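Summary of the model geometry
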Amino acid sequence: MKYDISKLTLEEKVGQMLMFAFHGTEYNKDIEKRIKELHCGGLIYFGRNIINANQVTKLNYDILSNSSIKPFLGIDQEGGYVERIKDDIIRLPSAMAFTSSNTLPYNLCKELGNELKHMNFSINFAPVCDINSNMYNPVINVRSYSDNPNIVSLYSKSSFNGFKDSNLISCIKHFPGHGDTSVDSHLSLPQVDKSYQEILSCELIPFIDCINSDVDAIMLGHIKFSKIDNNYPSSLSKVIGRDILRQKLGFKGLVITDSLTMGAIYNNYSIRDIIINALDASCDILMFCGDANISDHINIYNTFLDLVKNNIISIDRINESCKRILDYKNRYINETIYSNYSLKPSSNNLFVFDKSICNLLKSELLPLRKNDKVLIIIPKITYLSLVENNKEEVISLKKCLLKYNKFDIKEIILDNYSKIDEIPLNDLSNYDKIILGTYNVSSDLNQVKLYNLLKKDITIVISLRSPYDILYLDNVKSYISIFGASLLSFESLSKCLTGVNKFSGVMPVKITK
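Right, let's walk through the structure included here. (Residues numbered from 1 in each chain as written. Predicted model: local features only at pLDDT ≥ 70, side-chain atom pairs only at ≥ 80, totals over all residues. Heavy atoms only, no water.)

A few points about the packing of helix α2 (residues 29–36) against helix α12 (residues 294–309)
How we decide: The axes used here are C-alpha line fits, helices contributing only the stretch in contact, and every angle between their N-to-C directions lies in the interval 0 to 180 degrees. We count a stretch as a helix when DSSP gives it H or I for four or more residues in a row; a strand needs E for two or more, and each element gets its number in order from the N terminus. The scheme is simple: roughly parallel for angles under 35 degrees, roughly antiparallel for over 145, roughly perpendicular for 65 to 115, oblique for anything else. When checking whether two residues touch, look at their non-hydrogen atoms; a contact exists if any pair is within 4.5 Å. Residues are sorted three ways: Asp, Glu, Lys and Arg are charged, Ala, Val, Leu, Ile, Met, Phe, Trp, Tyr, Cys and Pro are nonpolar, and all the rest, Gly among them, are polar.
At a minimum axis separation of 11 Å, α2 and α12 run at an interaxial angle of 5°. Of the possible angle classes, the one that applies to α2 and α12 is roughly parallel. Facing Asp30, Lys33 and Arg34 of α2, the residues of α12 in contact are Ile294, His297 and Ile298. Broken down by class, the residue content of the contact of α2 with α12 amounts to two nonpolar, one polar and three charged.

Considerations on the nonpolar core
Nonpolar side chains tend to gather and get buried jointly when the protein is soluble and globular. So the rule is basically this: Nine residue types can take part in a nonpolar core, namely buried Ala, Val, Leu, Ile, Met, Phe, Trp, Tyr and Cys, and a core is a set of them joined through side-chain atoms within 4.5 Å. Relative accessibility thresholds used throughout: buried, under 20% of the residue-type maximum; exposed, over 50%; partly exposed, between the two (1.4 Å probe, protein chains only).
Ranked by size, the top nonpolar core spans 107 residues in total, and within it Phe72, Phe121, Phe175 and Phe304 carry the most contacts. For this core, the element with the most residues is α12, which contributes seven residues. With near-sequence residues (within four places) excluded, Phe304 lies in contact with Val14, Met17, Leu18, Ile275, Leu279, Ile313 and Ile318. Grouped together as the second largest cluster of nonpolar side chains are 59 residues, Leu366, Leu401, Val448 and Ala485 included.

Here we look at the sheet that holds strand β14 (residues 373–379)
Where we set the bar: Only strands joined by at least two bridges in the DSSP assignment are considered to pair.
Spatial strand order, β13-β18-β17-β16-β14-β15: six strands in an open sheet with mixed pairing. One side of each edge strand has no neighbouring strand; the edge strands of this open sheet are β13 (358–361) and β15 (408–414). Pairwise comparison of adjacent strand axes, ignoring direction, gives a mean angle of 20° for this sheet. One ladder, built from three bridges, connects β13 with strand β18 (residues 478–481); its direction is antiparallel. Looking at β18, one finds that Asn359 is bridged to Ile480. Sitting on the sheet, helix α16 (residues 446–453) is in contact with β14, β15, β16 (433–438) and β17 (459–463), with an inclination near 175° to β16.

Considering empty space enclosed by the protein
Note the cut-off: Any residue with an atom within 4 Å of a point lines the site, the site being either a cavity, points on a 1 Å grid over the protein atoms alone where a 1.4 Å probe fits but cannot get out, or a pocket, an open set with protein on both sides within 12 Å along at least 5 of 7 lines. Grid points are joined across faces, edges and corners, and a volume is the space filled by probe spheres set on the points.
Overall, the coordinates contain three cavities of 30 Å³ or more when judged by the stated rule. Estimated volume of the second largest cavity: approximately 140 Å³. In this structure, the second largest cavity is lined by 19 residues; those nearest its centre are Glu78, Gly79, Ala95, Arg143 and Tyr145. Those elements giving two or more residues to the lining of the second largest cavity turn out to be β4 (77–79), α4 (95–100) and α6 (149–164). Residues of the lining of the second largest cavity, tallied by class, amount to 13 nonpolar, four polar and two charged.

Description of the sheet that holds strand β6 (residues 123–124)
Strand order across the open sheet formed by eight strands is β11-β9-β7-β6-β3-β2-β1-β12, with parallel pairing between neighbours. The open sheet has two edge strands with one neighbour each: β11 (254–257) and β12 (286–288). As paired strands, β6 and strand β7 (residues 169–175) are joined by two bridges and run parallel to one another. Paired with Asn124 across the two strands is Ser170, which belongs to β7.

Structure representation (structure tokens):
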């Protein structure tokens, strides 16, 4: 079925420009209200909506089967810390791990795209095109491929083309660039003091390259570029969205906002002003996630509809975006087919994890030897920003190491680093090697205190997330980065620590004090 804008009511046209988060893992009355009464153009999945791949496939089928105008079904399946589905699907490493491994992501992104398409998804909000030029960035960090614009361009194009060639819309983000920020826009509004000419020579390079390579969708981030538009953040800025993205850069695809319920926007603007300004910024789809209350979504829809009925927003402006949305639905949403999810993820991703482990400081402490007595101190993995998966993982490095050699290992897994007084450090002389796992030291300086209590000449520091951790530590003898703490990265790390594999990762960002 091909969608024709001339056959849509005003109510349906307005709904097509809205994308909502939702609650539940099965089709329910609130989902039905969004698609049948609010006519929403899209739904986005979070961890709360996911049990496993089969359940997601069935829910997507039920949603599409009950919709007269099928919604875009979107997900943030970037890899690394930002991946909503974690079982029965190929797991991608973080962006920086790809770069460290010197492996372009096309093949793995195409494989992931085929799996998501098999589940009836139509949009993946990936890859991140931001250049992580600020080492204090709390929300981008290892989600960026590099601090080098040309490297970010190369890897971003490879990634989105992999998704596109699986007939999945790839939405690159966060235009015009979230890499030089030190504030998480989920909480408050980041500001960047750069002119248009300055971002043209840095932040915009990957976006321009992707536009020239025919990317389908771009997400506007919530960053205020005060020298470009001192009144509005990028997601609500007609200077950035209309004048720069649409007119100067010539982008004709879908423009989607980052979630407008983030603190950067929701705490500073009314729903009415959000809608008016997002449309002035040439946005086609306005995304609202947050608490995902149906009553809030009804209010958003009704406010939007009233603005059009009262001619505050013109019908021509609605038709412009709605036609674009329908064109992409005609291209990317196929006939809905349901079958039990039976794809078996390959192990093609394992070599990327293996190649990504980066040994920045080579020392005689490695590899671990059979008779070494080893103390491991690592944290329980938690999330550092609201975009990340909000489930704690308890991963034992000890268990991974013991697969490769029978070391004498004691492992301490900390709930948080503030409990360093509880660590039995009086027997450090009993150990030949100490492994200290750090996890974004800039967000918890207790890790520096812990490090300073250890014997530096036998301590191997492993940054489990941010490669910049070493900048806070003095006299480090051995330093390894794995760009994301997952079971797969711990397995690859263990192979390198024991000498089964060589360290082959290359640091994708500059590390200078």
